[in-house]
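Read off the chains here:
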Amino acid sequence: MSVLRQFVKLCIPLCLAAQLLAVDAVAQPNPMKKENVQRGKTKFQQNCAECHGNEAMGGAGPNLLESPLVRHDNNGNLIAPVIREGRVDKGMPAFPLMNQADILNIAAFLHARIEASNGVKSSTAVLDHALKQFLTGSAEAGRKYFYGKGHCATCHSPRGDLAGIASRYSPMRLEARFLYPPHDNVMAIVSLPSGKQINGNLLHLDAFYVAILDEDGWYRSWPLQQVKVEVKDPLAEHLELLGQYKNKDVHDVFAYLETLK
Amino acid sequence: MMFLPIWKRSSSIKAIAILAIAGAECLLGQTSILKAPIPSVSDSWPTYNGDYSGRRYSALTQINKSNVKSLKLAWAYQTHAATLKSTPLEVHGIVYFTVPDRVWALDAKTGQQIWEFRRTSEGDHTGQRGVAFYKGRIYFGTPDAHLLCLDARNGKKLWDVKVADTSLGYYLSIAPLIVNGLVVVGTSDDIMAVRHFIEALDWETGKVIWRTSTLAEPGTPAAKTWPNDKAMSHGGGSAWITGTYDPYLNLIYWGTGNPHPVLAGAGRAGDNLYTCSILALNADTGAIVWSFQTSPHDTHDWDSVETPVLFDAEFKGKPRKLIAQASRNGYFFVLDRQTGEHLLTSQYVPTNWAKGIDSKGSPIPDPAKEPQPDGLLLRGAQGGGTNWMSPSFDPETGLFYVNVRKGYSLWHLDADAKSPPEDNHGGGSIALFTTSVLLALDYRTGEIRWQRESGLGLAYPGILTTAGHLLFTGDISGNLLALDPSNGHVLWHTRPGGVLNSAPMTYQLNRTQYILTGIDGVLYAWNLSGSL
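Every chain begins its residue count from 1, and numbering advances along the sequence as written. For this description, chains carry letters from A and ligands carry numbers from 1, given in the order in which they are written. For a predicted model such as this one, the threshold for reporting local features is a pLDDT of at least 70, and the threshold for listing and counting side-chain atom pairs is 80 or more; totals across whole chains, interfaces and linings nevertheless cover every residue.

### A look at the overall build of chain A
Next, step 1: Where helices and strands are cited, they refer to DSSP runs of H or I of at least four residues and of E of at least two residues respectively, numbered from the N terminus. Helices and strands together make up the secondary structure of chain A, namely 13 helices and five strands.
Next, step 2: Exposure criterion: with C-beta atoms placed from backbone coordinates, a residue whose C-beta has 20 or more other C-beta atoms within 10 Å is buried, one with 12 or fewer is exposed, and one in between is partly exposed. Counting over 261 residues, chain A shows a buried share of 38%.
Next, step 3: Any pair of residues counts as being in contact when their C-beta atoms, constructed from backbone geometry, are within 7 Å of one another. Pairs at least 24 apart in sequence give 61% of the contacts found in chain A among residues at least 6 apart.

Put into structure tokens, the structure is as follows:
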């Protein structure tokens, strides 16, 4: 059963049971109606887009079109608790006052976006249209930038990690990802007073303490005044490039990456 | 990346000394060129910004630089509700604060609930900044754009008036401003194609006394900054942060938001007055006395609603009545608040959407940096250099404090939008990299005197400064902080279990000073004794 069908089937009883349900949602038998998706889009862009991006494809927060939770959601059963309770440990605020109709509309918007992005992968017409909008650069100039000024080949290979990358992401996502990919693999080396060094994934670093996940998978933390911390951000070069790209470079590199199918 | 907690570029001991004297004179009530004409808030915190000036500077000194390290939890109140984005009020021993649809009144000494008001509504529940208090009444804006008047003793509703039609997208998130018996509000929303406004209602009846559109009136010179009346009449310009007021000039200062559709400027050629502007309004009539546009022809959602802060100080050797704003577009502006004369424009975060400054002091937008169908990489954080988090001005240091964001963002013009441009942004933006920083700006030059890294990502911590030589705020890493406002050194910090997304405030009751901070859905009160 498709996500859409499950959504339609299960959404109606949930709507009727919802305590704070808006009247207009009760009257609409099809939760995936264009109007609901549009309302959900508006609500999403007001409340969620600052972190998740206007099209839910990620920004400071994760890409929701890739989210296993969103993809497994039926009628808001998984999305609603996250919206209401937040994920405070990850920086997402709670929205306990958001009414059920708004949540269902946001879920409808997210499911519609997933349907659309699945369509992008399967429909040549949609793919061509989206690509036409983005393919304004020169793939050859992009290749030169990749191997030259951008020093991209230092870490990346078109036949290695980038093989087929254009097939894996929609154009807009590919553009955002190559500029600054979402990541959580910042490494840190913590030097103890004894001189011992401990490597791990950086979990927290502020003016007061550092926390890592060490090589054995254990959480460890120290007050900053007791240790020295060396941070190795694998995206440092990406950040540096953000300050150097001309807009033409962005579209040239994109055009080159788009050849890697 | 490594965090650099403190970076001090320079100091100006002489200037600090001059302003410290001015601050002392102010407290003693003596006349002085530099004396602030707008009284500082002290024992109570009766308005959104504490006083009319928007400085969020309290004259209280019990908690001060020498003893703040002993700050303890006095009480906490768990709302089990949404993230607190309101600044609480404190009047006559009662604290009033909000989330959308809900108002609480607590005993300011104990945190004991006195009453709670609830009203379920349609409309946008993005945020609620707080209430206003006047003559024993509480004024509260709702997600469905109503203004409610409550009895401050018991939360009983006295009247409910519809300010705007929520079906068109309007809502009220603002804490009203009380001026001469008028309850002044501005409308929120930046998605829909509507005409926003600032409105003053009679405190007793809710009757509208004046209403000023934030868009030019047809036939006026300002209307020529739009291609036609149709675009102008749907041109946005929301007014969603509480303004400030100079009782001596009888002028209300109010910032306005983006034009519509915000990312697509092609259909609204021109500067689009009075969007993204600071307006000076006659408090009795609402007439626009002067205006200054911070982002002409905005295409990046650079709302100019951030608190326009009022203070009196020297500028280039001359005593001035000043107004300053760290605007969302990444620029810091200082004007003469009597005349609107432009005095200073400086960039406080790196951004490249503008190609220069025009003769009036407004940045000149670079058409090459507008959102593009194939994507435009912009220097500057997606949500702007700052947002609704409250800044503060400390008359003793002469520094303007603001939490800001630096970074890069990617902007797309939505060329394929099937919906008419009237009900969407006309495009979208993606945050690529964002880092948050607390800045201390010298109002005379715009120079950054010190800064403190807050962390990667976004947060909305407001700022409070006090005559105890303290600056209270939070960082994105989950710390509540008391800093030395002269250099940013940490004097006290704790981890309250969440992030500060509202502004701290302070009051004094029974010879005890309290600091209040809203963390997620919990309101915490701090003092030196930790008990009654």
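### With respect to helix H13 (residues 247–257) of chain A
Next, step 1: Counting buried residues in H13(A) gives eight out of eleven residues, a clear majority hidden from the surface.
Next, step 2: Listed in full, the buried residues belonging to H13(A) are A:Val250, A:His251, A:Asp252, A:Val253, A:Phe254, A:Ala255, A:Tyr256 and A:Leu257.

### Some remarks on the sheet that holds strand S33 (residues 480–483) of chain B
Next, step 1: Strand pairing is assigned whenever DSSP identifies at least 2 bridges connecting the two strands. Judged by pairing direction, the sheet is mixed, and its five strands sit side by side in the order S2-S31-S32-S33-S34 (chain B) without closing on themselves. The sheet is open, and its two edges are formed by strand S2 (57–58) and strand S34 (490–494) of chain B, each paired on a single side.

### Remarks on the nonpolar core
Next, step 1: Of all hydrophobic cores here, the largest spans 204 residues; its most connected members are B:Tyr96, B:Val131, B:Val183, B:Phe400, B:Leu432 and B:Leu441.
Next, step 2: Take this core: its biggest share by element is ten residues, from helix H7 (residues 100–122) of chain A.
Next, step 3: Residue ranges labeled as domains rest on an automatic or database domain assignment. Looking at which domains feed residues into this core, each of domain 1 (3–122) and domain 2 (126–182 + 238–257) of chain A gives three or more.
Next, step 4: A:Ala188, A:Val190, A:Val210 and A:Ile212 belong to the second-largest nonpolar core, a separate cluster that totals six residues. Residues enter a nonpolar core if they are buried, belong to Ala, Val, Leu, Ile, Met, Phe, Trp, Tyr or Cys, and are joined to the set through C-beta atoms within 7 Å.

### Description of the confidence of the model for chain B
Residues and elements named next belong to chain B.
Next, step 1: Scored between 0 and 100, pLDDT is the confidence that the predictor attaches to each residue. Per-residue confidence for chain B averages 90 on the pLDDT scale, and 91% of its residues sit at or above 70.
Next, step 2: Predicted confidence is poor over residues 1–36, with pLDDT under 50, and the contacts of this stretch with residues over four places away or in other chains come to 60 contacts.
Next, step 3: Note on residues 415–419: pLDDT is under 50 here. Beyond four places in sequence and across chains, it has six contacts.
Next, step 4: For this predicted complex, the interface confidence comes out at an ipTM of 0.86, alongside a pTM of 0.83.

### Details of the interface of chain B and chain A
The extent of an interface is frequently quoted as the accessible surface area lost upon association of the parts.
Next, step 1: At the interface, 46 residues of chain B touch 42 residues of chain A.
Next, step 2: Residue assignment for the side of chain B that touches chain A shows that the elements contributing at least two residues are strand S26 (376–379), strand S28 (399–413), strand S29 (427–442) and S34 of chain B.
Next, step 3: Considering each element in turn, the side of chain B that touches chain A owes the most residues, seven residues, to S29(B).

### Points about unusual backbone geometry
Residue and element names in this part refer to chain B.
Next, step 1: Residue Pro 261 is bonded to the preceding His 260 through a cis peptide linkage, with omega at -10°.
Next, step 2: Within the secondary structure, Pro 261 is located in the loop between strand S17 (251–255) and strand S18 (277–282).
Next, step 3: Put simply, Leu 273 and Tyr 274 share a cis peptide bond, and its omega is -5°.
Next, step 4: Turning to its location among the elements, Tyr 274 is positioned in the loop between S17 and S18.
Next, step 5: Within the chain, His 297 stands out as a residue other than glycine whose phi angle is a positive 50°.
Next, step 6: Note on placement: His 297 falls in the loop between strand S19 (288–293) and strand S20 (309–315).

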